[in-house]
Amino acid sequence: MASNNDSIQKTLLVAILLCLFCSIIVAGAAVSLKPLQIANKQLDKNKNILAAADLLVEGQSIEEQFKQVTTRIVNLETGAYATDAELSEIKAAGYNPAAFDQKKSSKDSKLSAKLDADKDIASIKRLEKFAAIYTIEKDGVVEKMILPVHGYGLWSTLYGFLALEGDLETVIGLGFYSHAETPGLGGEVDNPSWKAQWVGKKLYNSEGDLAIRVIKGKAAPGSQHDVDGLSGATLTGRGVSNLVNFWLGKDAFGPFLSVAKAGGV
């Protein structure tokens, strides 16, 4: 006769208790590690901001290096820095303006709106009301400005930062910290040689129109606005061109940049 300890009921009870115990351990670990995960995420973001602006010094503390950066919140609807009332609105929605999660806010109906298809050249679907920008300032003068940008490539949404000189016309660098483009093809957006082509490019032509773009094939020597296309990754290159032009355009940072260049912010 089988022992009572071998009954199906007792076996199931032991399995359930074991699962419950493991769940408690895993949940407890997740809760206790969450602050560390958030801190590491912010640290990685800060590192990418510094890298885009050519300010990252390997081997030195990211926290110390980031002290030279000022974080500001821009209202994309007004083209101005957020007012105290608007910062309170952000806080009331559960966000920290000092470490603003723009990616999360773009999915929040309180802080974003659906984009019309004819405006959505970057295929982002929704546009956030507020964006965090990052500046390097000296004696109240902006020497560098770093703007968050994102948009769809071939397989994924690319998230990155575009850094500009204080004239707000000359590119310092462009880098992406998150994407799922094909390695060796669209993934070449991470290639240092390709990223180096952005350095020194001008955003606008002589008429003041946005002119920077990724072209198909090779850019002409000395071109101020064109960046080489990505071999075998035309759609990713087009996506990068679209996202840069969207975020610099009239529906995103364009109004703010116009006001900033005129000294109005």
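Keep in mind that what you see is a predicted model, and the values were worked out from it rather than measured.

**Remarks on the sheet that holds strand E7 (residues 157-165)**
At step 1: Read from one edge of the open sheet, six strands run E2-E1-E5-E6-E7-E8, paired in antiparallel fashion. Edge positions in the sheet fall to strand E2 (80-81) and strand E8 (171-178), since each of these pairs with one other strand and no more.
At step 2: The pairing of strand E5 (residues 130-138) with strand E6 (residues 141-152) spans five bridges and is antiparallel. If you follow Lys-138 over to E6, its bridge partner there is Val-141.
At step 3: Taken strand by strand, helix H6 (residues 234-248) contacts E6, E7 and E8, and its axis lies near 130° from that of E6.
At step 4: Sheet strands in contact with helix H7 (residues 254-261) are strand E1 (70-75), E2, E5 and E6, and its direction is about 170° off that of E6.

**Here's the deal with the packing of aromatic side chains**
At step 1: In the structure shown here, the tally under the stated rule is nine aromatic pairs.
At step 2: A centroid spacing of 6.1 Å and a plane angle of 80° characterise the contact between Tyr-134 and Phe-161, whose relative ring orientation is edge-to-face. One end of the pair, Tyr-134, is in strand E5; the other, Phe-161, is in strand E7, and 27 residues separate them in sequence. Side by side, Tyr-134 and Phe-161 carry an identical accessibility label, which is buried.
At step 3: Ring centres of Trp-194 and Trp-198 lie 5.7 Å apart, and the angle between their planes is 75°; on these two criteria the pair is classed as edge-to-face.
At step 4: Accessibility expressed as a relative area gives 0% for Trp-198, which makes it buried.
At step 5: One aromatic cluster is present, built from ring pairs that chain together Phe-66, Tyr-134, Tyr-159, Phe-161 and Tyr-177.
At step 6: It is Lys-103 that lies over the ring of Tyr-159; its NZ or CZ is 4.4 Å from the centre.
At step 7: Here the basic side chain of Lys-104 rests over the ring of Tyr-95, its NZ or CZ set 5.7 Å away from the ring centre.

**As for the nonpolar core**
At step 1: Counting 39 residues, the largest nonpolar core has Trp-198, Val-240, Val-244, Trp-247, Phe-253 and Leu-257 as its most contacted members.
At step 2: Elements that contribute at least two residues to this core include exactly E5, E6, E7, E8, H6 and H7.
At step 3: When sequence neighbours within four positions are dropped, the list of residues in contact with Trp-247 reads Leu-76, Gln-102, Ile-124, Leu-127, Glu-128, Pro-148, Val-149, His-150, Ala-252, Phe-253 and Gly-254.
At step 4: Counting 22 residues, the second-largest nonpolar core is a separate cluster that includes Ala-53, Ala-82, Leu-111 and Ala-132.

**With respect to the environment of Asp-101**
At step 1: Mapped onto the secondary structure, Asp-101 falls in the loop between helix H3 (84-92) and helix H4 (102-105).
At step 2: Among the residues examined, Asp-101 registers a relative accessible area of 27% and is labelled partly exposed.
At step 3: Residues Asp-101 and Ala-131, spaced 30 residues apart in sequence, show a C-alpha to C-alpha distance of 8.8 Å.
At step 4: Ignoring any residue separated from it by four or fewer positions in sequence, one finds Asp-101 in contact with Lys-41 and Tyr-95.

**A closer look at H7**
At step 1: Along H7, the positions that sit buried rather than exposed are Gly-254, Phe-256, Leu-257 and Ala-260. Buried residues of H7, seen end-on, are gathered within an arc of 160° and therefore sit on one face of the element.
At step 2: Residues of H7 that are buried sit in contact with E1, E2, E5, E6 and H6.
At step 3: Immediately downstream of H7, the backbone of Gly-263 shows phi near 80°, a positive value.

**Observations regarding the pairing of E5**
At step 1: Most of E5 is tucked away: seven of the nine residues are buried.
At step 2: Hairpin connection from E5 to E6: two residues lie between these consecutive antiparallel strands, with Asp-139 at a positive phi of about 55°.

Calculation notes
- Residues numbered from 1 in each chain as written.
- Predicted model: local features only at pLDDT ≥ 70, side-chain atom pairs only at ≥ 80, totals over all residues.
- Heavy atoms only, no water.
- Pairing = 2+ DSSP bridges.
- Helix = DSSP H or I, 4+ residues; strand = E, 2+ residues; numbered from the N terminus.
- Contact = heavy atoms within 4.5 Å.
- Axes fitted to C-alpha atoms, helices over the stretch in contact; angles between N-to-C directions.
- Phe/Tyr/Trp six-rings, centres within 6.5 Å; stacked < 30°, edge-to-face > 60°.
- Buried < 20%, exposed > 50% of the residue type's maximum accessible area, 1.4 Å probe, protein only.
- Lys NZ or Arg CZ within 6 Å of the ring centre and 35° of its normal.
- Core = buried A, V, L, I, M, F, W, Y, C linked by side-chain atoms within 4.5 Å.
- Arc of directions from axis to C-beta.

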